[in-house]
Number of protein chains: 2
Amino acid sequence: MKNLIASVKIAINSQLYLKDPESSELGLKIVHKGIDLINSIGFEEFTFRKLGLEIHSPEASIYRYFESKHKFLLYLNAWYWGWMEYRLLLATSNVVSAEKRLEKAVFLMTEGVENDPNFHGVNLVKLQEIVVAEASKTFLNRKVDQANQDGAYQSYKDFVSNVASIIEEINPTYKYPCMLITTVVEGAHQQRFFAEHLPRLTNKQSKPHYLSKFYMDLVLKTIKSN
Amino acid sequence: MKNLIASVKIAINSQLYLKDPESSELGLKIVHKGIDLINSIGFEEFTFRKLGLEIHSPEASIYRYFESKHKFLLYLNAWYWGWMEYRLLLATSNVVSAEKRLEKAVFLMTEGVENDPNFHGVNLVKLQEIVVAEASKTFLNRKVDQANQDGAYQSYKDFVSNVASIIEEINPTYKYPCMLITTVVEGAHQQRFFAEHLPRLTNKQSKPHYLSKFYMDLVLKTIKSN
DNA sequence: ACAAATATGATAGTAATACTATTAACTTTG
DNA sequence: CAAAGTTAATAGTATTACTATCATATTTGT
């Protein structure tokens, strides 16, 4: 099993970095400690200078891997969705029932990482927290079209498209599969954030997996033909 | 009618400004031209210095009204949701059927402003575009708890709570009214953004009001008891 | 084994940002 | 019409988000 996992590499579009961070010790350190640092102080407060101090390397060395902190966030996001695609594949392959596959997909989209907290040395719990709190900043800005051309959202699109095809299997006449999926993904992220900071905007429950139950129920009811 | 509208003032928590911008010509100019400028160059590129050049007033004068550009965005957001509450009241008062009221609420949450494009000199179309593209930045940061204490999200919470009570009228046993409403509000904003920049993440349609139809269908099916 | 290529470290520098401070001129109000 | 408050004009600061340069390892091809 270990070997199988070790053979998987998350492919990232080379437009998102200047030098592949997986190609050197320093590069890996930048990514791993970068995740820790963004997770602990937030993306606005994060600077390459601070990261340089953490890893005892000059700021300028980090700029040799990533053009800007914005591109660094794009890279982390792309990595996350590449990893999610891999998880989706693992969770759904050999599952015959489309309903069961959809259920697994919704679970993946809405629940926090629990097991497998490390993968290639990446702290996935922290990475997921970063995606929940910061991912919308990867597209809500004026560089979005350029980033899109650079392939920054490719894995996310592929993930959505994979789940969409499960929905189409269940109800081929349903017209809004992608809308429904991104509503669930982005919604789940925001509800997790609201539960922690703005509870009156959500309905936090103590029962386990209430978020994925809410969204699973919503999805199943919505895609039913009337 | 004109008189009725003129008598309405959107109340904004005083923690969000240093000096009430509605109390002077300069204050109003800051808000009105600020909306224009953020709308045209985006919030990241927006600075008080640039706004100062637009209105031919020094940067420092703007700082007498707003502590920071972040607080300015909080102010605009609070104003928007105050106005939305007012619209919700107008649209639902004297409507007996809860279903009809819910429909109007979902329409308000998901559709663009069309008529009434000016209200107290504020360009509402541009303000709504700002909310769609930038509002998540008002809470996705480390100052969220402080901002919450300052009442920055009060009107948004009130709006959500008002719509939630309509849902409770229709189905008193439904457990997630607030989650459902914020999923719709934030979802609709993102889908509008995706339709323009990342079409593969949505299902854009040419038919009018497809967004509100999608979300209305989703809401009605979801709150049905099984 | 050793020159050449490549990666990193150390240091310095720059334009712009997000403010704060000060003082003078102008305007309103009691 | 003087006092109080508001705005203009200008200057200044720490930090950010980079870029540039050059020296010092380290790796690699032959």
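The present account deals with the structure reproduced in this document. What you see is a predicted model, and the numbers here were worked out from it, not measured in a lab.

Notes on the interface of chain B and chain A
Across the boundary between the two partners, chain B contributes 53 residues, which contact 55 residues of chain A. Taking both partners together, chain B and chain A bury about 4900 Å²; carbon and sulfur atoms supply 60% of that area. Looking at the side of chain B facing chain A, the largest losses of area belong to L140(B), M179(B) and L201(B), adding up to 14% of the total buried there. Applying the counting criterion to the chain B and chain A interface returns zero salt bridges. Across the chain B-chain A interface, the total number found is 26 residue pairs in polar contact (both at pLDDT 80 or more). Listed by contribution, the elements that provide at least two residues to the side of chain B that touches chain A are helix 2 (25–41), helix 7 (124–134), helix 8 (136–139), helix 9 (144–149), helix 10 (154–170), helix 11 (177–197) and helix 12 (210–223) of chain B. Looking at the side of chain B that touches chain A residue by residue, the class counts come to 25 nonpolar, 17 polar and eleven charged.

Side note on the packing of aromatic side chains
Remark: the centre distance and the inter-plane angle together describe each pair of aromatic rings, the angle taken between the planes. All names here are of chain A. Counted under the stated rule, the structure contains 34 aromatic pairs over all chains. Aromatic pair F46 and F48: ring centres 6.0 Å apart, planes at 90°, arrangement edge-to-face. Accessibility assignment for this pair places F46 and F48 in one class, buried. Note on F66 and Y75: the rings are 5.2 Å apart at their centroids and 65° apart in plane angle, and the pair reads as edge-to-face. Given a relative accessible area of 0%, F66 falls into the buried group. Judged by relative accessible area, Y75 falls into the buried class, the value being 1%. Taken together, the ring pairs connect Y17, F43, F46, F48, Y63, F66, F72 and Y75 into an aromatic cluster. Above the plane of the ring of F43 lies K69, whose end atom (NZ or CZ) is 4.7 Å from the centre.

Thoughts on unusual backbone geometry
A positive phi angle is found at N94(A), which is not glycine, with a value near 70°. Checked against the element boundaries, N94(A) lands in the loop between helix 5 (69–92) and helix 6 (98–110).

Observations concerning the side chain of D150(B)
All names here are of chain B. Among the secondary structure elements, D150 is positioned in the loop between helix 9 and helix 10. Under the relative-accessibility criterion, D150 is labelled buried at 8%. Here Q15 takes part through its side chain, which lies 3.5 Å from a polar atom of the side chain of D150. Those residues within four positions of D150 in sequence are excluded, and the remaining contacts are N13, Q15, L16 and K71.

Thoughts on the protein's contact with DNA strand D
Around DNA strand D, a shell composed of 16 residues is seen, among which E59(A), Y63(A), S68(A), S57(B) and Y65(B) lie nearest. Take the atoms of DNA strand D that sit within 4 Å of the protein: sugar and phosphate atoms are 56% of them. Contact distances for DNA strand D include 2.9 Å between a phosphate oxygen and a side-chain N or O atom of Y65(B). Elements with a contribution of two residues or more to the surface near DNA strand D: helix 4 (59–63) of chain A together with helix 4 (59–63) of chain B.

Considerations on the relation of the copies chain B and chain A
You can overlay chain B on chain A at an RMSD of 0.0 Å; the transform is a turn of 180° with a shift of 0.0 Å along its axis. Accordingly, the operation relating the two chain copies is best matched by a two-fold axis. When C-alpha positions in chain B are compared against the rotation axis, the closest is assigned to K221(B), at 2.9 Å. A shared interface surface links the copies, since 100% of the contact residues of chain B are contact residues in chain A too.

Calculation criteria
Here, residues in each chain are numbered from 1, in the same order as that chain's written sequence. Written order determines the labels here, with chains lettered from A and ligands numbered from 1. Thresholds applied to this predicted model are a pLDDT of at least 70 for local features of residues and 80 or more for the giving and counting of side-chain atom pairs; totals over whole chains, interfaces and linings are not thresholded and use all residues. Hydrogens and water molecules were not included; the side-chain quantities draw on all heavy atoms of the structure. In this description, contact between two residues means that some pair of their heavy atoms is separated by no more than 4.5 Å. Throughout, the accessible surface (probe 1.4 Å) given up by two parts as they are put together, summed over both, is called the buried area. What counts as a salt bridge is simple: a side-chain nitrogen of Lys or Arg found within 4 Å of a carboxyl oxygen of Asp or Glu. N or O atoms closer than or at 3.5 Å make up a polar contact, with two conditions inside protein: a donor-capable atom paired with an acceptor-capable one, and, for residues adjacent in sequence, both atoms drawn from side chains. Helix numbering and strand numbering both begin at the N terminus, where a helix is a DSSP run of H or I of at least 4 residues and a strand a DSSP run of E of at least 2. Lys, Arg, Asp and Glu make up the charged group, whereas Ala, Val, Leu, Ile, Met, Phe, Trp, Tyr, Cys and Pro make up the nonpolar group; the residues left over, Gly among them, are polar. Here a pair means two rings of Phe, Tyr or Trp (six-membered ring of Trp) with centres within 6.5 Å. Their orientation is stacked below 30 degrees between planes, edge-to-face above 60, and tilted elsewhere. Note on classification: 1.4 Å probe, protein chains only; a residue is buried when its accessible area is under 20% of the maximum for its type, exposed when over 50%, partly exposed between these limits. Think of it as a cone above the ring: NZ of Lys or CZ of Arg counts as a charge over the ring if it is within 6 Å of the ring centre and within 35 degrees of the ring normal. Being near a molecule or strand, for a residue, means having at least one of its heavy atoms within 4 Å of it. Alignment of the copies relies on least squares applied to C-alpha atoms, considering only residues that score at least 70 for pLDDT in both.

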